[in-house]
Amino acid sequence: MELKDKLLAIEKEQAGVYIGSLKHVPRLLNIGALTGWPVFIQGDPGTGKSSIIRSYFSAFRDLSQFVLSGSRFADKTDLIGYRSLKAYKENDEMVYNVEGTMVTSDLIFLDECLEISEKINKLLYPIMYEREFQNGRERRIADWLMFIGGTNKKFSELSESSGFIDRFILRTFIPNITDADELIKIRQKNRQRRKAGEKYHVIKSINVSREELMQARKDVLDIEIPDIIDDAISNIFIKLNTQGKILSTRRWTDLDLVLQAVSYLNGSTKVTLDSLEILSYVLASSPADLDLIAKTLQMAAFNPIIQLTDLEKKAEDLYSSCKGKSVSDAAQAGIISQAMSELSDIRDKTNEIVSKARQNNCYTSKLQDLVNKIIDIHTMFAAAITLGKPLSGKK
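Residues numbered from 1 in each chain as written. Predicted model: local features only at pLDDT ≥ 70, side-chain atom pairs only at ≥ 80, totals over all residues. Heavy atoms only, no water.

Visitor: Hey, could you run me through the environment of Tyr-281 in this one?
Guide: With respect to the secondary-structure elements, Tyr-281 resides in helix H12 (residues 280-283). As for Tyr-281 and Val-258, which are separated by 23 residues in sequence, their C-alpha atoms are 9.7 Å apart. In this structure, Tyr-281 is in contact with His-24, Leu-28, Ile-169, Leu-170, Arg-171 and Thr-172, ignoring residues within four places of it in sequence. (Helix = DSSP H or I, 4+ residues; strand = E, 2+ residues; numbered from the N terminus. Contact = heavy atoms within 4.5 Å.)

Pasting the structure below:
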């Protein structure tokens, strides 16, 4: 099984277990795995943050894991180990025995990560974002694959930690369950898990290796980012800035990899406008931002020229496939009827795009030309069917 298929299988398996407010988390974790960007998850105690992350990590069972649930009690030894007395005696050097600590782990999850002391935070910053740490006189590489932080702090308490949170390029916010039907499903899933003797769902049929994940990261870098995506990102940037939503340069520059990772998972060789939806997990700093971000992304993803050009091409293809055919010929009638049905769908979609373009004040003469071509093709099909004559070879 290829790495992409393994990651999609993880998503599918977890989607059958972790539902409701957690249903989007597996995709976010997959993006974190493919990009190496840190992931931040905020939610009240008991919302399932730790459970879904431990479950996800179980699909990487040959990789080393560092999970610290009570991060408020973390000290330097948890991160980089104890000092080596031998090195101190022999070389008068403060070297740490780092094996088995956070800096030598592949997968890292720090729950209650905002409870870490400022002193430990200063040590954590270079490990997390620069992937380096100082060990004696040597600057070492922290070659982790995934870094996930969790917190149950309310957002009113997070402002003083904004610099730390900004280093998490991907972030999501898990609310408590409010739907009674979802609650029943979650209780049923938990009963099944307890009966199996599992604290969290263990993924047993999939095992992702470091080698294949590193190769996938190279493949992600090859995903094309077209000019239209750059234009859309610029528009999003301008609109958010105009509305007072100012984000760090880091977030704007690092989102490219997120879009490429989504396209990789979708099996595409280039980033498309519908991939922009994922950026709500990059650009939102709190749940209060989500509505504004979502609306801005929807507007940026709406490109009527591209959409109508695509519909016009489909209409042209249908026309070419039916030239010279007539509904009076029993063998050809079915082909023309099917084509007419598809053309009617194209006409309906055209009307929706036109309406939206007018609402957004972006209806241009170029759009009108495309609309006219689609209407002409639809009209000629309708006339050929009504008159029972062959579809003309000329438009």
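Visitor: I would appreciate a short explanation of the nonpolar core in the present structure.
Guide: Nonpolar side chains in soluble globular proteins tend to end up buried together. Ranked by internal contacts, the top residues of the largest apolar core, which has 64 residues, are Leu-34, Leu-279 and Leu-283. The element that contributes the greatest number of residues to this core is helix H11 (residues 249-265), accounting for nine residues. When residues no more than four places from it in sequence are discounted, the contact partners of Leu-279 are Ile-233, Leu-255, Leu-259 and Leu-297. Counting 26 residues, the second-largest nonpolar core is a separate cluster that includes Phe-40, Ile-108, Leu-110 and Phe-147. (Core = buried A, V, L, I, M, F, W, Y, C linked by side-chain atoms within 4.5 Å. Buried < 20%, exposed > 50% of the residue type's maximum accessible area, 1.4 Å probe, protein only.)

Visitor: I keep staring at the packing of aromatic side chains and nothing clicks. Help me out?
Guide: The way to describe two aromatic rings as a pair is by their centre distance and the angle between their planes. This structure, assessed with the given rule, holds five aromatic pairs. Residues Phe-40 and Phe-168 carry aromatic rings whose centres are separated by 5.4 Å and whose planes lie at 50° to one another, so their mutual orientation is tilted. Within this pair, whereas Phe-40 is found in strand S1 (residues 39-43), its partner Phe-168 is found in the loop between helix H7 (162-166) and strand S9 (170-174), the two being separated by 128 residues in sequence. For the pair shown, Phe-40 and Phe-168 are each scored as buried. Taken together, the ring pairs in this structure connect Phe-40, Trp-144, Phe-147 and Phe-168 into an aromatic cluster. (Phe/Tyr/Trp six-rings, centres within 6.5 Å; stacked < 30°, edge-to-face > 60°.)

Visitor: Is there a simple way to explain the sheet that holds strand S5 (residues 107-110) in this structure?
Guide: What the five strands build is an open sheet, ordered S2-S5-S8-S1-S9; its pairing is parallel. Of all the strands in the sheet, just strand S2 (65-68) and S9 have a single pairing partner and so form its edges. Adjacent strand axes in the sheet meet at a mean angle of 10°, parallel and antiparallel pairs treated alike. Where S2 and S5 come together, four bridges link them in parallel fashion. Paired with Gln-65 across the bridge in S5 is Leu-107. Relative to S9, helix H2 (residues 25-35) is tilted by about 160°, and along the sheet it contacts S1, strand S8 (146-151) and S9. (Pairing = 2+ DSSP bridges. Axes fitted to C-alpha atoms, helices over the stretch in contact; angles between N-to-C directions.)

Visitor: I'm lost on H2 in this one. Help?
Guide: Because an α-helix completes one turn every 3.6 residues, residues spaced three or four positions apart along the sequence face the same direction. Among the eleven residues that make up H2, ten are buried, leaving the element largely enclosed by the rest of the structure. Burial in H2 covers these residues: Val-25, Pro-26, Leu-28, Leu-29, Asn-30, Ile-31, Gly-32, Ala-33, Leu-34 and Thr-35. At the exit of H2 stands Gly-36, carrying a positive phi of roughly 80°.

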